[in-house]
Amino acid sequence: MPAVGYGHEGIAKAGLSMGQKADEKMKRAAVVLLSGGLDSTLAVKMMVEQGIKLTAVHFTSPFCNCSSRKAGCQHQARRVAAEFGVPIRVVVKGMDYMRIVEKAPHGYGRGMNPCIDCRIYMLRKVSGMMTEIGASFVVTGEVLGQRPMSQHRQAIEIIEKESGLAGRILRPLSAHHFPPTLPEEEGIVDRGRLLAISGRSRKDQIALAEDLGIRDYPCPAGGCLLTDPDIAGRLRDLFAHVPGYTHRDLVILTIGRHFRLNPRLRVILGRSQEENEKLLALVAPGDVVFTPENFRGPTALVLGESEPATEGIIGEMIPAYSQDELDVWVVRKEVIGGESLTFAGKKKAARDAFAPLRIGRG
């Protein structure tokens, strides 16, 4: 028996109505780039208050320097998403991203930070998720003029064009400095409730956070280690000498003091007990590690081809970074998964002796 009230025409109209509802639902959905910092947190809050269904995407890499008193940026992003009831996806910037860092089409900031290309990379990744998520536009916490390389007007225009998302990137904090986006033109977002913040100061954002009841924003400015001159120097060294570098190599770049003894040999010294432990947690079978036996000092992770002459240098380098004063310094050399031995020396070299070997200053 046919359903009451539905002929062929009725079924067609019902299907059309359901399709229209699905379209409307998609239009009111957006992806938000959520770093965990103050600006992106404010953008989330403003969109939630307008009834936009959000899915947060947080990008992470070994070079994230956004850390709070409690935890790092990924934890903070997850906390913000949970607070506002927003689902979140974490995307690791992989080796495809590192190829961009090696040769950034739009150049670098003060270090090895390819800020314009980084934004294009993230937005292209997000663009590929939008259909699956059911989103029609992207929300970011960007503020015009806040970051010198990627948030001036010309850079923003380049990013929009090359990301393929022109007209679909909404910046709630600075919206009135730009033409209306498609979601504003279509009435999905109320432009009258968006703002016109610009510049480097965050006074307006802090005041807005107070007004919106946002209290915990331990990472107001964010941070990227690629802007650090030491990390930049280490990256250039890595690109020059280790063409087959891995994710582990990238993590190691953020730890300790780095020295290149020759084109085939790099040495990393921990600067604290915590860094010593981090280095030991990253070792792999076949790696060589030097540790102090009878004194307090740094662990040395040796990457590359060592030989007696260079091992002698490492044996002097470790005491040089110790606060102890001894007549004899005993150092243990261990091949992970293999042999170990100890050797003693009577010389504590001055740290300045190793300055020409240093990669960066860290």
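Residues numbered from 1 in each chain as written. Predicted model: local features only at pLDDT ≥ 70, side-chain atom pairs only at ≥ 80, totals over all residues. Heavy atoms only, no water.

Observations concerning the pattern of salt bridges
(1) Moving on: Counting across every chain of the model gives 21 salt bridges.
(2) Moving on: The partner of R119 in a salt bridge is E142, and the shortest N-O contact between them spans 3.5 Å. With R119 in helix α5 (residues 115-127) and E142 in the loop between β4 (137-139) and α7 (153-163), this pair connects stretches of sequence that are 23 residues apart.
(3) Moving on: Taking the relative accessible area as the measure of exposure, R119 reaches 15% and is therefore buried.
(4) Moving on: The residue R191 makes a salt bridge to E184 at a minimum N-O spacing of 2.6 Å. (Salt bridge = Lys/Arg side-chain N within 4 Å of Asp/Glu carboxyl O. Helix = DSSP H or I, 4+ residues; strand = E, 2+ residues; numbered from the N terminus. Buried < 20%, exposed > 50% of the residue type's maximum accessible area, 1.4 Å probe, protein only.)

Here we look at the sheet that holds strand β11 (residues 340-345)
Hydrogen bonds between backbone groups are what pair the strands of a sheet, and the pairing can be parallel or antiparallel.
(1) Moving on: The six strands are arranged β6-β7-β9-β8-β10-β11 in an open sheet whose pairing can be described as antiparallel. Where the open sheet ends on each side, the last strands, each with one partner, are β6 (257-262) and β11. Direction aside, the axes of adjacent strands within the sheet are offset by 20° on average.
(2) Moving on: Bridge count for strand β8 (residues 288-292) against strand β9 (residues 300-304) is three bridges, and the pairing is antiparallel. Paired with F290 across the strands is A300, a residue of β9.
(3) Moving on: Lying on the sheet, helix α10 (residues 229-241) is in contact with β6 and β7 (265-269); it crosses β6 at an angle near 35°. (Pairing = 2+ DSSP bridges. Axes fitted to C-alpha atoms, helices over the stretch in contact; angles between N-to-C directions. Contact = heavy atoms within 4.5 Å.)

Some words on the packing of helix α4 (residues 95-102) against α5
(1) Moving on: In contact at an axis separation of 10 Å, α4 and α5 are set at 155° when each is read in the N-to-C sense. As summarised for this structure, α4 and α5 are arranged roughly antiparallel, according to the angle between their axes. The handedness of the crossing between α4 and α5 is right-handed. Residue-level inspection shows D96, Y97 and I100 of α4 in contact with α5, the latter providing D117, C118, Y121 and K125.
(2) Moving on: Its residues assigned to classes, the contact of α4 with α5 shows four nonpolar, no polar and three charged. (Parallel < 35°, antiparallel > 145°, perpendicular 65-115°, else oblique. Left-handed = near helix turned anticlockwise from the far one by under 90°. Nonpolar A, V, L, I, M, F, W, Y, C, P; charged D, E, K, R; others polar.)

Examining the nonpolar core
(1) Moving on: Judged by nonpolar contacts, the single largest core of 37 residues is most densely connected at F59, F63, M98, V101, V126, L235 and L250.
(2) Moving on: Counting only elements with at least two residues in this core, the list comes to β1 (29-33), β2 (53-60), α4, α5, α6 (130-133), α7, α10 and α11 (247-253).
(3) Moving on: Here this core gets seven residues from one element, more than from any other, and that element is α5.
(4) Moving on: The residues contacting F59, other than those within four sequence positions of it, are L33, V91, K93, Y121, M122, K125 and V126.
(5) Moving on: The next biggest cluster of nonpolar side chains, apart from the first, holds 30 residues, and it includes A30, M47, V143 and L208. (Core = buried A, V, L, I, M, F, W, Y, C linked by side-chain atoms within 4.5 Å.)

So, the confidence of the model for the protein chain
(1) Moving on: Summarising the model, the protein chain shows a mean pLDDT of 90, and 89% of its residues fall at 70 or more.
(2) Moving on: pLDDT under 50 marks residues 1-14. Its contacts with residues more than four places away, or in other chains, come to two contacts. (pLDDT = per-residue confidence, 0-100.)

Some remarks on the packing of aromatic side chains
(1) Moving on: Taken as a whole and assessed by the stated rule, the structure comprises five aromatic pairs.
(2) Moving on: Between the NZ or CZ atom of K93 and the centre of the ring of Y97, over which it lies, the distance is 4.8 Å.
(3) Moving on: The ring of F178 has R171 lying over it, and the distance from NZ or CZ to the ring centre is 5.4 Å. (Phe/Tyr/Trp six-rings, centres within 6.5 Å; stacked < 30°, edge-to-face > 60°. Lys NZ or Arg CZ within 6 Å of the ring centre and 35° of its normal.)

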